[in-house]
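Fold and geometry: a report
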Amino acid sequence: MARIDLAHLATVVLGGQVLSVLIAASNLVNTKLWQITAADPETGFTLSFTQLALHYMFLLVVFIGVHVVRAAQGHSLRTDVVNAFLKTWKVYLPLGLFDFYANYCVTKAFGFTSSLSAFLLNSSSTPFTVIISVLLFKAKYKPLHYFAILVSVAGMGIVCWQDVTATSRLVGDVADGSKVVVGNILGLVSGLLFAAANTTQEYSVKSLGGPLEYCTMMGLFGTVVSILHMALFERSEITALTHAPADQVGSIAACLAGFVAAMFLLYTLASLYFTTASATLFNLSILTSNFYVLVGTVLVLHSARVTAWYLVGFVLIVAGLVVFNGDPNGWSDMFTRAQASRDVEGGEGARTSADGLLERDASSAAGAGEGGYGTTNAGDEGKNKA
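In what follows, the accompanying structure is described. Please read all numbers here as calculations on a predicted model, not as lab measurements.

This part is about the packing of aromatic side chains. If you walk through the whole model with that rule in mind, you get 11 aromatic pairs. On the numbers, 5.5 Å between centres and 80° between planes, the contact of Y141 with Y146 is edge-to-face. For the pair F274 and F282, a centre-to-centre distance of 5.1 Å together with 40° between the ring planes defines the contact as tilted. As far as burial versus exposure is concerned, F274 and F282 are alike and both buried. Ring-pair connections join several aromatic residues into one group, and the members of that group are F49, F100, Y101, Y104 and F233.

So, in structure tokens, the structure goes:
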């Protein structure tokens, strides 16, 4: 029987729960922001593009700052940023689009359905991620792992069922049936887009330049895309914000700051998480965010009630995570097979390729010299998070 690595198990399970709490926090702040800005159908407005632009700009500024500090220590800014951009933009451009539109669909869905319903439907990213991982990353799972996935998804289903039958809508939630359908569709679309973004993120972190490059490029492409959308579609909302009462502006600013902080930590820490975990495991881990959102609506927004079934759903999700990680060698994809190749041929420092991907990573690191992006170095330097 395979020996269970308890340290790794604790890292991926607890680390996943930190990310899950951050996702729940961003969701709750989003809900509060919508309540402040859009509750009145006559004068309300939304800031979906603006809040995403602030998030991506902050990510870009911080990690460009990291590169500047590295340059002062002797690293090459041209190699770290310019050359990396020229080599990898074809990956990060679609990744930036997937990520931006996934985030946009989630934030927009809050205006059409309850925040819990939108968020739960967004959790459809888990089965989508499994499908993409099998098709593109050649992932191979044992029946035990599929069972673990089903257990976690069943737990999410229980929480979703309770959302429909046992909780009340938040104050100001839309009750119009046709609009609720639109919100549900947006939630499902965001799930598919997040699955595409997460699997591409796993590829970029493990096979390109590591967490530091990922956060920098996501900040860059996300900023360009979100500012363009903001300038084209949200000018009237920004004008409305300038005419809002001072107390409302203060509340909006606080919500935007909270959203940006939560998203920054999420992106930075998630990029580090992907150095040791897969997109499938990431999506399984964040299924518990549904439970944390529910707790937040009770404790912070005072708008829902918790039943014993929510706790059952939470326990099932966590149990599925533990079972999935209980057999560390029982599943594989092209990344784990590449690691096994390196360990066999030359230890952890060897640079052999699997499916042609890690050879490319090695050559880029060698060419970069001092300014290279070894995953370990990038992870240390990129730490804090998304």
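To continue, consider the side chain of S26. Here S26 is to be found in helix α1 (residues 6-38). Among the polar contacts made by the side chain of S26, one reaches the main-chain carbonyl oxygen of I23 at a distance of 2.7 Å. Discounting chain neighbours no more than four positions away, the residues touching S26 are F259, A262 and M263.

Before going further, it helps to examine the pattern of salt bridges. Scanning the model with the defined rule gives 1 salt bridge in all. Here K206 ties to E202 by a salt bridge, and the two come within 3.0 Å at their closest N and O atoms. Here E202 and K206 lie together in helix α7 (residues 177-207), a separation of 4 residues that amounts to about one turn. The same class applies to K206 as to E202, namely buried.

Conventions adopted
Residues numbered from 1 in each chain as written. Predicted model: local features only at pLDDT ≥ 70, side-chain atom pairs only at ≥ 80, totals over all residues. Heavy atoms only, no water. Phe/Tyr/Trp six-rings, centres within 6.5 Å; stacked < 30°, edge-to-face > 60°. Buried < 20%, exposed > 50% of the residue type's maximum accessible area, 1.4 Å probe, protein only. Helix = DSSP H or I, 4+ residues; strand = E, 2+ residues; numbered from the N terminus. Polar contact = N/O pair within 3.5 Å; in protein donor to acceptor, adjacent residues only side chain to side chain. Contact = heavy atoms within 4.5 Å. Salt bridge = Lys/Arg side-chain N within 4 Å of Asp/Glu carboxyl O.

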